[in-house]
Amino acid sequence: MASHTEISPREAADRLAIRELIDAYAHCADRRDAKGQMGLFTEDTRFLVFMDATAAEPTQTLHGRGSLAPVFDNLNTYRATTHFNGQSTITLDGDRATGESYCLAHHIGADESGRRTLMIASIRYLDEFSKQDGDWYFAERRLMVDWTETRPSAP
């Protein structure tokens, strides 16, 4: 872990911008703003979903910003979601960066009989970022599901 006893204004601004990018992703997901969420990615992005974080191969691999719509639209199967972002680590390298961030995603849905359920997913995102024209974007995002729990939920 890096010690930041001194940090340049540019590095501070880049770190803040990347954290805001991570938070914007969660905000767009919870507001069902798929178009806004897609706009956070580079045109040639890669998005990999690992429904089991221990798996060697992804459950789903998408290439290009336009391919992301179905993944983000899938959130519409839930009545509501809340993605709560936790810690993140960022390593900067000029106009490129890598990072890992944690998220607890809460999904309100219904079971086969229509009863309300709560599914909680513990997610880690392994990211590659790219700075283009002064703005940071996801160049690659690996969504790693560490565990899930589904249970009945009272309104």
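Just above, that's the structure.
Residue numbers restart at each chain and count upward from 1, following the sequence in its written direction. Totals for whole chains, interfaces and linings use all residues, but because this is a predicted model, local features are given only for residues with pLDDT of at least 70 and pairs of side-chain atoms are given and counted only at 80 or more. Each side-chain value is worked out from all heavy atoms of the structure, with water and hydrogens disregarded.

Chemist: An account of the overall build of the chain is requested, with residue identities and associated values reported.
Modeler: Across its full length, the chain holds three helices and six strands. To qualify as a helix, a DSSP run of H or I must reach at least 4 residues; to qualify as a strand, a run of E must reach at least 2; elements of each kind are numbered from the N terminus. Its helices and strands taken in sequence order, the chain reads α-α-β-β-α-β-β-β-β from the N to the C terminus. Radius of gyration here uses only the C-alpha atoms, and the compact-globule reference equals 2.2 Å multiplied by the residue count raised to the power 0.38. The C-alpha radius of gyration of the chain comes to 16 Å, within 12% of the 15 Å expected for a compact globule of 155 residues. Principal axes of the C-alpha set define a box for the chain whose edges measure 55 × 35 × 30 Å. The buried share among the 155 residues of the chain stands at 40%. Accessible area is worked out with a 1.4 Å probe on protein chains only. A residue is then buried under 20% of its type maximum, exposed over 50%, and partly exposed in between.

Chemist: Tell me about the nonpolar core, residues and numbers included.
Modeler: One broad rule of soluble globular proteins: the nonpolar side chains tend to lie buried together. Among buried residues, the Ala, Val, Leu, Ile, Met, Phe, Trp, Tyr and Cys ones that are joined through side-chain atoms within 4.5 Å form a nonpolar core. In terms of nonpolar packing, the biggest core is built from 27 residues, with Tyr25, Phe41, Phe47, Phe72, Phe129, Phe138 and Leu143 touching the most fellow members. Of all the elements in the fold, those that place two or more residues in this core are helix 1 (9-31), helix 2 (34-38), strand 1 (41-50), helix 3 (69-73), strand 4 (96-110), strand 5 (116-132) and strand 6 (135-152). If one sorts the elements of this core by residue count, strand 5 sits on top with five residues.

Chemist: Outline the packing of aromatic side chains, listing residues and values.
Modeler: Classification of ring pairs rests on two measures: the distance between centres of Phe, Tyr or Trp rings, Trp counted by its six-membered ring, which must be within 6.5 Å, and the angle between planes, read as stacked under 30 degrees, edge-to-face over 60 and tilted in between. According to the stated counting rule, one finds nine aromatic pairs in the structure shown. Between Tyr25 and Phe72, the ring centres sit 5.9 Å apart and the planes meet at 80°, which makes this aromatic pair edge-to-face. Of the two residues, Tyr25 sits in helix 1 while Phe72 sits in helix 3, which places them 47 residues apart along the sequence. As far as the burial class goes, Tyr25 and Phe72 line up, both buried. Seen in terms of ring centroids, Phe41 and Phe72 are 6.0 Å apart; in terms of plane orientation they differ by 35°. Their pairing is tilted.

Chemist: How would you sum up the sheet that holds strand 6? Please name residues and give values.
Modeler: Two strands make a pair as long as DSSP finds a minimum of two bridges between them. Ordered in space as 2-1-6-5-4-3, the six strands form an open sheet in which the pairing is mixed. Looking at strand neighbours, the two that pair on one side only are strand 2 (60-63) and strand 3 (80-93), the edges of this open sheet. Each neighbouring strand pair of the sheet contributes to a mean axis angle of 15°, computed without reference to strand direction. As judged from the four bridges shared by strand 1 and strand 2, these two strands associate in the antiparallel manner. Across the sheet, Val49 pairs through a bridge with Gln60, a residue of strand 2. Residues are treated as being in contact if the distance between any of their heavy atoms lies within 4.5 Å. The axes used here are C-alpha line fits, helices contributing only the stretch in contact, and every angle between their N-to-C directions lies in the interval 0 to 180 degrees. Strands strand 1, strand 3, strand 4, strand 5 and strand 6 of the sheet are contacted by helix 1, whose axis makes an angle of about 155° with strand 3.

Chemist: Describe the pattern of salt bridges, with residues and values.
Modeler: Just to be clear on terms, a salt bridge is a Lys or Arg side-chain nitrogen sitting within 4 Å of an Asp or Glu carboxyl oxygen. According to the stated counting rule, one finds 13 salt bridges in the structure shown. Here Arg46 and Glu140 are joined by a salt bridge, their closest N and O atoms 2.8 Å apart. You can see Arg46 sitting in strand 1 and its partner Glu140 sitting in strand 6, a full 94 residues away along the chain. Among the residues examined, Glu140 registers a relative accessible area of 9% and is labelled buried. Across the pair Asp127 and Arg141 runs a salt bridge whose closest N-O atoms are separated by 2.7 Å. One end of the pair, Asp127, is in strand 5; the other, Arg141, is in strand 6, and 14 residues separate them in sequence. Judged on exposure class, the residue Asp127 and its partner Arg141 are both buried. Linked by salt bridges that have partners in common, Arg10, Asp14, Asp95 and Lys131 make up one network.

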